[in-house]
Structure formats: structure tokens, C-alpha cells
Amino acid sequence: MQKVAVITGAASGIGRGLAERFAAEGMRVVLADVEEGALAELETDLKADGATILAVKTDVSNADEVENLAEQTVDVFGAVHILCNNAGVVCSRPIWEHTLADWEWVLGVNLWGVIHGIRAFVPRMLAQGDACHIVNTASILGLVGGSGEGIYKVSKHGVVVLSETLADELAQKEANIQVHVLCPGWVRTGILESSRNRPDTLQNPEAETPPRQKIIGGSRNVRAEMEAGMSPAEVAEHVYNAIQTGTFYIHTHPEHKAWISERMERILA
């Protein structure tokens, strides 16, 4: 059976890497992204390589749009076998200075996007009965603490525990669905420029936008780390292998396990 893979945040970064990897395996791929131009470009590129593609403009923070994504997937391809809840954004400043709009935007995409994906797709997967996989994109920052990237960390910690709970509950039900949570370190993506897709309704008034927010990721160290990071194609290979082996926690950078261990030791102490 030709598998069907759905990827949110598919038009760039890790999402594009996943789309290209799954298409190379002969899967039918559903591309979902809020950025129409980049989405259309990827659709054209993959179709030129002979892939079977459905592109659906989707704001994952909107439950109705994610439900529409699920409906279109099943209407066109009849099934879904892999769901990658991957869309993500970042907004950086001290946590007490974040506006309500900051919280609504980042949590809306990073956490509610995964919640909406689960609500829309899991019932359909259960009804199918086929072997299915759900890959939720968290981050190494979903497993550690410390200063910086407060809202992002809150959202990604939420994705991790949401994935853990989902996996346990599906196992109790003996469902034919495996869950995976992707916790990458630095990857060469455009997430530092994610504000390009921030909705007008969640923009901050100029008076509520301190200078530091205007240079999200502006630290040379942050940008240098990202530019030296892993390629999206390498991350996609980690994900593909985890699906084959049934691995739950997908660590792209094993050296970061020391951070996790340090946090666990502090908790236990």
C-alpha cells in the first residue's frame, strides 16, 4: 500500500526535509503551511520529481483549518499513515515582558497546532485500523530548563508531555498507532524569521515592542549556532529511521543528553 504522509510547517526547514524524504520513499505527501508562496514552490518542486502531492494552506492554530486539512487528505487519498505535527515559531524576550499576543501566537502554533492535529487525525487513524505514526516536533528545549526562549520552552515541554500521554493512552487501547516526539538541537532553518508569518491580529503595538524583540535571534552566537547546525535532510533521516524502529524520543544531537541528565538530577535532588 502506498503510504500517505501529512506534514504541517512543510514549506521550509524540517518540514521541507520531511516532505522530500517521504516523497523519495514513494509516499503520497500532503503539504500544509501558512506561507502560500513557499508552499506552492515546494509543491511544484516535488511534483517535478514525480511525487504525488496535495498542498493545503493551513494555519495550524485554527482548529477548523486543521479539520479541513484532515478532510481533504482523506477525501483525496482515502487514508493517512504518517502525521507530522511540525509547524513552529519563536518569539524571544524576558518571559515577564511577553505580551498576551506573544503567548497567543507561539502557543497557538507550537502547542495548539499539535493539539488540533491530534484531534483531527487520531480518530480517523483509529477508524482506519492501519499501522500509523504520529511525529510531534518538540525540541531539546522541551526537555531542559534555564533562561531564555520562555514561551518556546513552555510550548515544547507541552508537546513532549502531550506526546508521552498520547503514546501511553494509544498503547492501552492497543491501537495500531505509534507516537514519536522529535527533540532536535540546532538545525539550519528559518525559524528565527518566523515573525514573517505572524498574523496581523497578533502583532504588538509599537509601544509594546521593546528593541530586543526586533532582533529575535539577533545574537551572533544564536545565528552562528543555527548556521552551523544540522541540515533538515539529516533531521528527516533521523525521523524516518525512528519510524522504522519504533523509537519514541528522537534525539538528533546525542551530546545534548547531558543537559537532560543535569535537569533530571536537579529535580531528583
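This is a predicted model, so every value here is computed, not measured.

Caption draft 1: Local environment of the overall build of the protein chain. Scanning the protein chain from N- to C-terminus turns up 10 helices and 7 strands. Relative to the compact-globule value of 18 Å for 269 residues, the protein chain shows a C-alpha radius of gyration of 18 Å, a close match. With the C-alpha coordinates aligned to their principal axes, the bounding extent of the protein chain is approximately 50 × 45 × 35 Å. For the protein chain, buried positions account for 49% of its 269 residues. Side-chain charges in the protein chain split into 22 positive and 35 negative, and the spacing between the mean points of these groups amounts to 3 Å.

Caption draft 2: Spotlight on the nonpolar core. One finds V30 and F121 to be the most contacted residues of the largest nonpolar core, which totals 45 residues. When residues no more than four places from it in sequence are discounted, the contact partners of V30 are V4, A5, V6, I7, L54, V56, L69, T73 and F77. With 31 residues, the next largest nonpolar core counts A5, A19, I53 and A236 among its residues.

Caption draft 3: Summary view of the side chain of N86. Take N86: it is sitting in the loop between strand 4 (82-85) and helix 4 (100-110). On the accessibility criterion, N86 (8% relative accessible area) is buried. Here T137 takes part through its side chain, which lies 3.0 Å from a polar atom of the side chain of N86. Residue contacts for N86: discarding those within four places in its chain leaves T8, G9, I14, G15 and T137.

Caption draft 4: Main features of a nonpolar patch on the surface. On the surface, a cluster of nonpolar side chains totalling about 340 Å² of accessible area is made up of I95, W96 and V154. By the element assignment, W96 lies in the loop between strand 4 and helix 4.

Caption draft 5: Structural detail: the packing of helix 5 (residues 112-128) against helix 6 (residues 150-172). Between helix 5 and helix 6, the shortest axis-to-axis distance is 12 Å and the interhelical angle comes to 15°. When the axis of helix 5 is compared with that of helix 6, the two are roughly parallel. Crossing hand, helix 5 versus helix 6: right-handed. Listed contacts from helix 6 to V114, I115, I118, V122 and L126 of helix 5 are V159, L162, L166 and L170. Looking at side-chain class alone, the contact of helix 5 with helix 6 contains 9 nonpolar, no polar and no charged residues.

Caption draft 6: Spatial organisation of the pairing of strand 3 (residues 53-57). Sheet analysis places strand 2 (residues 28-33) next to strand 3, joined by 5 bridges and oriented parallel. When the sheet's bridge partners are listed, V29 is paired in strand 3 with I53. For the crossover from strand 2 across helix 2 (residues 36-48) to strand 3, the handedness is right-handed.

Cut-offs and rules
Residues numbered from 1 in each chain as written. Predicted model: local features only at pLDDT ≥ 70, side-chain atom pairs only at ≥ 80, totals over all residues. Heavy atoms only, no water. Helix = DSSP H or I, 4+ residues; strand = E, 2+ residues; numbered from the N terminus. Rg over C-alpha atoms; globule rule 2.2 N^0.38 Å. Buried < 20%, exposed > 50% of the residue type's maximum accessible area, 1.4 Å probe, protein only. Lys, Arg positive; Asp, Glu negative; His and termini not counted. Charge placed at Lys NZ, Arg CZ, Asp CG, Glu CD. Core = buried A, V, L, I, M, F, W, Y, C linked by side-chain atoms within 4.5 Å. Contact = heavy atoms within 4.5 Å. Polar contact = N/O pair within 3.5 Å; in protein donor to acceptor, adjacent residues only side chain to side chain. Patch = residues over 30% accessible without salt bridge, like charges linked within 9 Å, V, L, I, M, F, W, Y side chains within 5 Å. Areas by Shrake-Rupley, 256 points an atom, 1.4 Å probe, with all protein chains shown as cover. Salt bridge = Lys/Arg side-chain N within 4 Å of Asp/Glu carboxyl O. Axes fitted to C-alpha atoms, helices over the stretch in contact; angles between N-to-C directions. Parallel < 35°, antiparallel > 145°, perpendicular 65-115°, else oblique. Left-handed = near helix turned anticlockwise from the far one by under 90°. Nonpolar A, V, L, I, M, F, W, Y, C, P; charged D, E, K, R; others polar. Pairing = 2+ DSSP bridges. Right-handed = clockwise from strand over helix to strand, strands pointing away.

From the geometry alone we can't say anything about function, so treat these as descriptive.
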